[in-house]
Amino acid sequence: DVLKAASDAGADAVLVHHGYFWKNEGPQITGIKRARISHLMEHGMSLLAYHLPLDAHPVFGNNAQLGQLLGFQVDDWFGEQNVAAVGRLLQPMTLQRLAGVVEEKLRRQPLVVGDESATIRRIAWCSGAAQDYLSTAVDLGVDAFLTGEVSEHTVHLARESGVAFIAAGHHATERYGVQALGMHLAQQFGLKHQFIEIENPV
């Protein structure tokens, strides 16, 4: 796993998007959580976790970086703590072509709901599990919405609204913020930074 890979690499700290303590979760440090924290302590490593702030940051955030990678121009932000973005494609293209760009850039075949021949100009996006933002995206008047995950009801809303939906993978859409932040910190403070890719099918 990532902690073993980090300790094998001699890391002093591990920078991650998803931490180990969540709202409405029991505070007990047992089981897998105990094993993870024990590994950190035994190897003298710190854990730096930034969830919503890393989603929302306008430069180093997951959505800013995802948009840059896919050729999206940010016009505005929306959602909880402004984690989601709305804007336009730098180059309008069909939904089929956009799906191809997503697959090429993220190295993962996305699930696509919509008319593949439709031209996509305006788009909203939010990395991870943001499928419930589709209704907001519909209200914003976009041609497509991209996120990581999909739910059963999402398919019906996309079909009935005419707004294309692209599920490109939770992990696949959220691995760019930590890389950008890590590179920034390395440049600012003279640190050595290494991104460790752990395959995740979700």
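Our subject is the structure that appears above.
Just so we're clear, the structure is a prediction, and the values are computed from it rather than from any experiment.

The number of helices and strands found in the protein is nine helices and eight strands. By the compact-globule yardstick of 17 Å for 202 residues, the protein fits well, its C-alpha radius of gyration being 18 Å. Along the longest, intermediate and shortest principal axes, the C-alpha atoms of the protein span 55 × 40 × 30 Å. Sequence separation of 24 or more characterises 57% of the internal contacts of the protein that already satisfy a separation of 6 or more. Carbon and sulfur atoms provide 50% of the accessible area of the protein, an area that totals close to 11,100 Å².

Tracing the backbone through its elements, the reader meets Glu 197 in the segment after α9 (177–189). Sequence separation of Glu 197 and Ala 5 is 192 residues, and the distance between their C-alpha atoms is 9.6 Å. Leave out the neighbours within four places in its chain, and Glu 197 touches Arg 107, His 171 and Arg 175. A distance of 2.7 Å separates a polar atom in the side chain of Glu 197 from a polar atom in the side chain of His 171.

Before going further, it helps to spend a moment on the pattern of salt bridges. All chains considered together, the criterion is met by six salt bridges. Salt-bridge contacts for Glu 25 lead to Lys 33; the nearest nitrogen and oxygen are separated by 2.8 Å. Judged by relative accessible area, which is 12%, Lys 33 ranks as buried. Residues joined by salt bridges that share partners form a network here, namely Asp 75, Arg 88 and Arg 122.

This next bit is on the pairing of strand β4 (residues 84–94). Both strand β3 (residues 72–78) and β4 contribute to a ladder of six bridges, which runs antiparallel. What sits directly across from Val 74, in β4, is Gly 87. Hairpin remark: β3 followed by β4, antiparallel, with five residues in the connecting loop; positive phi at Gly 79, about 90 degrees. Alignment of β4 against strand β6 (residues 119–126), held across six bridges, turns out to be antiparallel. By the bridge assignment, Gly 87 is partnered in β6 with Ile 123.

Once that is clear, we can look at the sheet that holds β4. Sheet architecture is open: six strands sit in the order β3-β4-β6-β7-β8-β5, paired in mixed fashion. The open sheet terminates on both sides in strands that have one partner only, identified here as β3 and β5 (111–113). Mean inter-strand twist for the sheet, computed between neighbouring axes without regard to direction, equals 20 degrees.

This brings us to helix α2 (residues 31–42). For α2, spanning 12 residues, the distance from its first C-alpha to its last is 16 Å, which sits close to the expected 16 Å at 1.5 Å a residue. For α2, the set of buried residues is Lys 33, Ile 37, Ser 38, His 39 and Leu 40. Of the surrounding secondary structure, the elements contacted by the buried residues of α2 are α1 (2–8), β1 (13–16) and β2 (46–49). Phi turns positive, to about 65 degrees, at Gly 44, one or two residues after α2.

Here we take up the side chain of Ser 127. Tracing the backbone through its elements, the reader meets Ser 127 in the loop between β6 and α6 (134–139). Engagement of the side chain of Ser 127 in a polar contact is seen with the side chain of Glu 174, the distance being 3.3 Å. Ignoring anything within four residues of it in the chain, the contact list for Ser 127 reads Asp 55, Asn 62, Asn 63, Leu 66, Thr 147, Gly 148, Thr 173 and Glu 174.

Mapped onto the elements, Thr 173 comes out in helix α8 (residues 170–173). With a relative accessible area of 0%, Thr 173 lands in the buried category. Once the C-alpha coordinates of Thr 173 and Leu 106 are considered, the two residues, 67 residues apart in sequence, prove to be 7.3 Å apart.

How each quantity is defined
- Along each chain, the written sequence defines residue order, and numbers are assigned to residues from 1.
- Predicted model: local features are reported for residues with pLDDT of at least 70 only, side-chain atom pairs are reported and counted for 80 or more only, and whole-chain, interface and lining totals are derived from all residues.
- Excluding hydrogens and water, the side-chain figures rest on all heavy atoms present in the structure.
- A helix here means a DSSP run of H or I that spans at least four residues, while a strand means a run of E at least two residues long, and both kinds are numbered starting from the N terminus.
- Values of the radius of gyration come from C-alpha atoms, whereas the globule rule sets the reference at 2.2 Å times the count of residues to the power 0.38.
- Residues count as neighbours in contact if any of their non-hydrogen atoms are within 4.5 Å of one another.
- Throughout, the Shrake-Rupley method with a 1.4 Å probe supplies accessible areas, and for residues the shown protein chains are the sole cover considered.
- Side-chain atoms alone can form a polar contact between residues adjacent in sequence; in general such a contact is a pair of N or O atoms within 3.5 Å, and within protein one must be able to donate a hydrogen while the other accepts it.
- Each reported salt bridge corresponds to a side-chain nitrogen of Lys or Arg within 4 Å of a carboxyl oxygen of Asp or Glu.
- Type-normalised accessible area, obtained with a 1.4 Å probe on protein chains alone, sets the label of each residue: buried when under 20%, exposed when over 50%, and partly exposed for intermediate values.
- What makes two strands pair is DSSP finding at least two bridges between them.
- Axes here refer to lines fitted to C-alpha atoms; in helices the fit is confined to the stretch in contact. Angles between the N-to-C directions go from 0 to 180 degrees.
- For a helix, the expected span equals 1.5 Å multiplied by the residue count minus one.

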